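Read off the chains here:
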Amino acid sequence: MIAYILRRLFYAIFVLFGVATVVFFITRLTGDPVSIMLPPDATVEQEAQLRAALGLDHSLLEQYGIYLKDLLHLDLGESLRYQQPTIQLIGERLPATLQLAGASLIFSLIIAIPAGILSAVKRGKAADKGIISLVLIGQSIPVFWMGIVLVLLFAVELHWLPTGGIGGWKHLILPAIALGLHLMALVTKLLRSSLIETRGSDYIRTARAKGLMPGKVMAKHALRNALLPVITVVGLEIGSLLGGSVVTESVFAWPGVGQLLVQAIYNRDFPLVQGALILLAGIFVLINLLVDICYVFVDPRIELE
């Protein structure tokens, strides 16, 4: 197990190195941050002084070398806009993003697992058709559009919930639904398909022939095996929840890393963009590692080699 985890950690470091390199060069394609940090009537000397102060007077390869050296020391640099350590700015916003992603995940699974089981058990009946229709709607609606519709309906028209911002649990409901709707539809559809396939297996028929109760067959035999692909998809989609929070946080004015990232892109704040993307990629890689380890415990037939 330890050798397996170490090998996966090596792959994770390699992936993060690739992400860090791609992010560094892509951010440099967005333009010169000095041009939007100084007034239009700034002199050439003022631009040169600011560029030198920000470390942008070096060649691109020299900047890349400095960037990698700082990364090795876990130094994500200082924000060009806020003049504060990038890690500090991200750390202040990260709890809000994780809170939103966690609420979206819980909302998705609470709805998707019972709906997937019911749809598989009632296959071909009215309940199954109704759930499949809702799944198709959930997968077809973009996050930003759903967010706007929820705000117009529940905040503007009915005045049941706030339009945005962060506060109590009421502020969390609409963005969590908007962000988690796609995952809910995906898990429902996947669990339904997996359960239908599993329920047709020989060992399920054997369990029924032995006289086991339908509920016990479902819980002990069918559901456990049907959850394997669901675990994989949920693990991968958690990264999508973090990435999708960029749009959701902008729609609902949620003060998380996604909103900070959008502002940093507008301001051409290279260190802040790099730091936020590396952090999101790191969380994504870590979750995938945990999913792989969970796989071994859920299905002991899977070997670590």
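Model, not experiment: these values are computed from the prediction. (Residues numbered from 1 in each chain as written. Predicted model: local features only at pLDDT ≥ 70, side-chain atom pairs only at ≥ 80, totals over all residues. Heavy atoms only, no water.)

**Student:** Can you break down the overall build of the chain residue by residue, with the values?
**Tutor:** A tally of regular secondary structure across the chain gives 12 helices and 0 strands. Along the chain, helices and strands appear, N-terminal first, in the series α-α-α-α-α-α-α-α-α-α-α-α. For the chain, the spread of C-alpha atoms along the principal axes amounts to about 85 × 55 × 30 Å. Expressed as a percentage of its 305 residues, the buried residues of the chain come to 39%. Taking contacts inside the chain between residues at least 6 apart in sequence as the whole, the part at least 24 apart equals 76%. With the model as given, the accessible surface of the chain reaches about 16700 Å², and the carbon-plus-sulfur share is 68%. For the chain, the separation between the mean place of its 23 positive charges and that of its 21 negative charges on side chains is 22 Å. (Helix = DSSP H or I, 4+ residues; strand = E, 2+ residues; numbered from the N terminus. Buried < 20%, exposed > 50% of the residue type's maximum accessible area, 1.4 Å probe, protein only. Contact = heavy atoms within 4.5 Å. Areas by Shrake-Rupley, 256 points an atom, 1.4 Å probe, with all protein chains shown as cover. Lys, Arg positive; Asp, Glu negative; His and termini not counted. Charge placed at Lys NZ, Arg CZ, Asp CG, Glu CD.)

**Student:** Got a sec to walk through the pattern of salt bridges? Specific residues and values, please.
**Tutor:** Here the structure, examined in full by the defined rule, presents 3 salt bridges. Taking the shortest distance from any N to any O, the salt bridge between arginine 51 and aspartate 32 comes out at 2.3 Å. Placement of the pair is arginine 51 in helix α3 (residues 44-53) and aspartate 32 in the loop between α1 (2-28) and α2 (34-37), with a sequence separation of 19 residues. The class of aspartate 32 is partly exposed, set by a relative accessible area of 27%. Aspartate 128 serves as the salt-bridge partner of arginine 192, at 2.8 Å between the closest nitrogen and oxygen. Taken together, the residues arginine 192 in helix α8 (residues 170-199) and aspartate 128 in helix α6 (residues 126-140) connect sequence positions 64 residues apart. This pair shows no difference in class: arginine 192 is buried, exactly as aspartate 128 is. (Salt bridge = Lys/Arg side-chain N within 4 Å of Asp/Glu carboxyl O.)

**Student:** Explain helix α4 (residues 60-72) residue by residue, including any values.
**Tutor:** Between its terminal C-alpha atoms α4 stretches 19 Å, which fits the 18 Å expected from 13 residues at 1.5 Å a residue. Directly beyond the C-terminal end of α4, a positive phi value near 55 degrees is found at leucine 74. (Expected span 1.5 Å × (residues − 1).)

**Student:** So what's going on with unusual backbone geometry? Which residues, and what values?
**Tutor:** Backbone geometry at leucine 74 places phi at a positive 55 degrees, although glycine is not the residue there. Positionally, leucine 74 belongs in the loop between α4 and α5 (86-121). At arginine 268, a position not held by glycine, the phi torsion is positive, near 55 degrees. When its relative accessible area of 24% is taken as the criterion, arginine 268 is described as partly exposed.

**Student:** I'd like a description of the nonpolar core, backed by residues and values.
**Tutor:** Grouped together as the largest cluster of nonpolar side chains are 55 residues, with contacts concentrated most on Leu191 and Leu195. Contributions of two or more residues to this core are made by α5, α7 (143-157), α8, α9 (202-209), α10 (214-251), α11 (257-266) and α12 (270-298). Take this core: its biggest share by element is 12 residues, from α8. If we ignore the near neighbours within four places in the chain, the residues touching leucine 191 are Ala112, Ile113, Gly116, Ile117, Leu223, Ala226, Leu227 and Val230. One finds Leu54, Leu56, Leu80 and Phe270 within the second-largest nonpolar core, a separate group that totals 6 residues. (Core = buried A, V, L, I, M, F, W, Y, C linked by side-chain atoms within 4.5 Å.)

On their own, these measurements won't tell you what the molecule is for.
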